[in-house]
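Fold and geometry: a report
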Amino acid sequence: MRSTWAALGVAVFLASFGNLQLWGALAFGPGALSWLALAATYVALVAVLDLLMQAVAIPWLFKPVASTLLVFSAITTYFMLEYGVLIDVGMVRNTLQTDVSEARDLLTFRAVAHIAALGVLPALVLAVARIRYRPVRAELALRAKVVTVSLALGFFAVWPAYKELSIAVLGNRALKQMANPLSPLVAVVKGIRREGAAKPLTLERIAGDARRGAAASGVGGKRRVVVLVVGETATASHFALNGYPRDTNPELTARSVLNFPRVHSCGTSTAESVPCMFSSLAREDYSRGGASGRENLLDVLQRVGITVLWRDNNSGCKGVCGRVPFEQIDGPEALRYGNEFLDEALLAGLQEHLDRSDGDLFIVLHQKGSHGPAYFRRSPPAFKRFLPECSLLDLQDCRRDDLVNAYDNTILYTDHVLARVIDFLAANSAEAQVAMLYVSDHGESLGENGIYLHGFPYWLAPDEQTHVPMVFWASPEFLTGQGVQPAELPSLAAQERSHDNLFHTVLGFFDIETAVYEPDLDIFAEPQPDRVP
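Attention in this report is confined to the structure presented alongside it. Sequence order as written defines the numbering, with residues in each chain counted from 1. Totals for whole chains, interfaces and linings use every residue, but because this is a predicted model, local features are given only for residues with pLDDT of at least 70 and side-chain atom pairs only at 80 or more, for both listing and counting. Values shown for side chains rest on all heavy atoms present in the structure; no hydrogens or waters enter the calculation.

Description of the environment of Y438
- Think of it this way: any DSSP run of H or I at least four residues long counts as a helix, any run of E at least two long counts as a strand, and we number them from the N terminus. Structurally, Y438 can be placed in strand 10 (residues 432-440).
- Taking the C-alpha atoms as reference points, Y438 and F478, 40 residues apart in sequence, are found 16 Å from one another.
- Any two residues whose heavy atoms approach within 4.5 Å are treated as being in contact. Those residues in contact with Y438 that lie beyond four places of it in its chain are V229, G231, A234, F239, Q367, T414, L418, P469, M470 and V471.

Thoughts on a nonpolar patch on the surface
- A surface patch of nonpolar side chains, about 240 Å² in accessible area, is lined by V43, V149 and L153.
- With respect to the helices and strands, V43 occurs in helix 3 (residues 35-56).
- The exposure class assigned to V43 is partly exposed, which follows from its relative accessible area of 35%. Each patch is built from salt-bridge-free residues with over 30% relative accessible area, joining like charges within 9 Å and nonpolar side chains (Val, Leu, Ile, Met, Phe, Trp, Tyr) within 5 Å. All accessible areas in this document rest on Shrake-Rupley with a 1.4 Å probe, and a residue is counted as covered only by the protein chains that are shown. The salt bridge criterion pairs a side-chain nitrogen of Lys or Arg with a carboxyl oxygen of Asp or Glu, the two atoms within 4 Å. To sort residues, take the accessible area from a 1.4 Å probe on protein chains only and compare it with the maximum for the residue type: under 20% means buried, over 50% means exposed, and anything in between is partly exposed.

Section: the sheet that holds strand 13 (residues 470-474)
- Here 7 strands make up an open sheet; going across it, the order is 3-13-10-2-9-5-6 and the pairing mixed. Across the chains shown, the open sheet's two edge strands, defined by having one partner strand only, are strand 3 (258-260) and strand 6 (326-328). On average, each strand axis in the sheet is tilted by 15° relative to the strand beside it, whichever way the strands run.
- Pairing of strand 10 with strand 13, which is carried by 5 bridges, proceeds in the antiparallel orientation. Paired with Y438 across the strands is V471, a residue of strand 13.
- The angle between two axes is taken between their N-to-C directions and runs from 0 to 180 degrees, where each axis is a line fitted to C-alpha atoms and a helix contributes only its stretch in contact. Contacts between helix 19 (residues 500-509) and the sheet are confined to strand 2 (223-231), strand 9 (361-366), strand 10 and strand 13, with strand 2 contributing the most and set at about 160° to the helix. Two strands qualify as a pair provided that DSSP identifies no fewer than 2 bridges between them.

A closer look at the state of the cysteines
- Cysteine sulfur pairs qualify as disulfides if the two atoms are within 2.5 Å. Scanning all chains against the criterion turns up 3 disulfides.
- Disulfide pairing places C317 opposite C321 at an S-S distance of 2.1 Å. Between C317 and C321 the disulfide shows an S-S torsion of about -85°. By sign, it is left-handed. An identical accessibility class is assigned to C317 and C321; each is buried.

A look at unusual backbone geometry
- P373 follows G372 through a cis peptide bond whose omega is 5°.
- On the secondary structure map, P373 appears in the loop between strand 9 and helix 15 (400-427).
- The omega torsion across L387 and P388 is -5°, close enough to zero to call that bond cis.
- Examined against the element boundaries, P388 turns out to sit in the loop between strand 9 and helix 15.
- Backbone geometry at N449 places phi at a positive 55°, although glycine is not the residue there.

Printed below as a string of structure tokens:
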């Protein structure tokens, strides 16, 4: 086969089998194209991909690049089709930070079969094919003609369909991110550049003027102990406290917690939300690169003398806890379920930490929570109340009801874990003012509109991925120390909240005075004169 035909063949294959999600969206989605416009779009995409392949059709370069693109396209196509995801920079960041356990859950038989059939097999065929090249000058002359023809075909194909296609793209901006492998390739390059960028030699200090206020000693001179539970992949709509018809929160309901029904996350993935949650930057001002070069909430707390501890049962703290004590949960064995530890392991040995520490204490417990697709592994047998539950990793093979059952069981187990945290704190309330704040990092899609898991671009993300649960409990003395009356709690909970509130609310918990502190973002602060209720 001549090199020009080989390059065109790869372009046609990628345009056809690597863009199944795109063709489905253009043919059957909202604002579907006419068949004439659809055919014109196909010709244009083939022309663009042909330009790319002709540019690399060099004897020592073509086969490695084309084979890599074939396998890469098969991988991205699978996840786009299977979970309805889009491959953007955020998704690339998630992939780079995925641990072995999460990767194993995604590596199903269907995934392997798909990648083998549409990626590995074509790459092997290409590897054994004999590709003929002309002498350099003749090859370049022919390549120039082919490129000219491709440009002309692409232009004349799109021209009559441009208006219809532009309307479709404006109506569904996600279409541009479905162009495979072009859009994912751009995302990968940007993602690797951002992850690999050199960190600043000096860390930007925030709240350098921070100091403890007059009320820092607390009521009766008791120290303050606050446990922040960072939830994982819990969506607010599946909490009974938020009106979900199933009783997924029996233990929290029995403990009379303060529930916040209107809370939205900073991002749609752990890699984005967790650093943003602990940053002094609001979501509108936040960027991963900017936050990584700045101190965060934990740095401020530790600098003013508060003991800080991060305990993790997930894939790490995404850089947030790099300068404070950190513990990755590794036992006890009684709390191991399969190859992982249950979230109750986060409480093991916590009393010893409390007894050994002096002064105020801030503990972060980072859950495994409801992380998919292996929802069935996140709840032990005693908490599988909703049956039958999906025990497959290929979520599209599950009955919708079974998938929801498996997910709701994870919420039920989280309810139990939070109740145990509350009981632990209540048992220590004679010696300390104690409080627990729980908030999930992001939500989860369970097949609504063909979308699964999380990590959608925020501007496109459905409410299931951004509307998160938040729950608060505190001893009466802690509330007194905050100057909050029980009668005020319902109005505080009813307001719109977000991850932006976390930084300033925790500063308020420990009465930390600094110019960075914004009372309007502290959930429990006294209303300011110019504050709009």
